[in-house]
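Now for the letters of each chain:
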Amino acid sequence: MTAVLIFFGLLAGIGVLLTVTLVRRGGSRTETVEGLLQEQAAARQAHDDRVSFGLGAHNSLPTASDAHIRGDRRR
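Bear in mind the structure is a predicted one, so any value in this text is a computation, not a measurement. (Residues numbered from 1 in each chain as written. Predicted model: local features only at pLDDT ≥ 70, side-chain atom pairs only at ≥ 80, totals over all residues. Heavy atoms only, no water.)

### Focus: the overall build of the protein
So, step 1. The number of helices and strands found in the protein is four helices and zero strands.
So, step 2. Ordered by position from the N terminus, the helices and strands of the protein form the series α-α-α-α.
So, step 3. Looking at the protein residue by residue over its 75 residues, the buried ones come to 3%.
So, step 4. With an accessible surface of roughly 7,100 Å², the protein has 63% of that area assigned to carbon and sulfur atoms. (Helix = DSSP H or I, 4+ residues; strand = E, 2+ residues; numbered from the N terminus. Buried < 20%, exposed > 50% of the residue type's maximum accessible area, 1.4 Å probe, protein only. Areas by Shrake-Rupley, 256 points an atom, 1.4 Å probe, with all protein chains shown as cover.)

### Points about a nonpolar patch on the surface
So, step 1. A cluster of nonpolar residues, Val4, Phe7, Phe8 and Leu11, forms a patch on the protein surface that exposes about 400 Å² of accessible area.
So, step 2. Here Leu11 lies in helix α1 (residues 2–25). (Patch = residues over 30% accessible without salt bridge, like charges linked within 9 Å, V, L, I, M, F, W, Y side chains within 5 Å. Salt bridge = Lys/Arg side-chain N within 4 Å of Asp/Glu carboxyl O.)

### As for α1
So, step 1. Helix length check: α1, at 24 residues, gives a terminal C-alpha distance of 34 Å against a target of 34 Å (1.5 Å per residue), a fit within 8%.
So, step 2. Here α1 lies mainly on the outside; zero of its 24 residues are buried. (Expected span 1.5 Å × (residues − 1).)

### So, the packing of aromatic side chains
So, step 1. Counted according to the given criterion, the structure contains one aromatic pair.
So, step 2. For the pair Phe7 and Phe8, a centre-to-centre distance of 5.7 Å together with 55° between the ring planes defines the contact as tilted. (Phe/Tyr/Trp six-rings, centres within 6.5 Å; stacked < 30°, edge-to-face > 60°.)

Shown next, in the form of structure tokens:
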């Protein structure tokens, strides 16, 4: 019975530690110029990826530039 209580105590301690860590970190964005530029570049790249890998790309017919025609398939 003692082992079970110790186990649950450890789980509760880990939960409290994680909660405190997440609350202290907060959702604040970076305030330095370099960090802001990195965030903007990441947002731009994410947008470009969403556009290029969207549903339109998956519903289109294969073209000469597709990997399965070039033989780039890896098994």
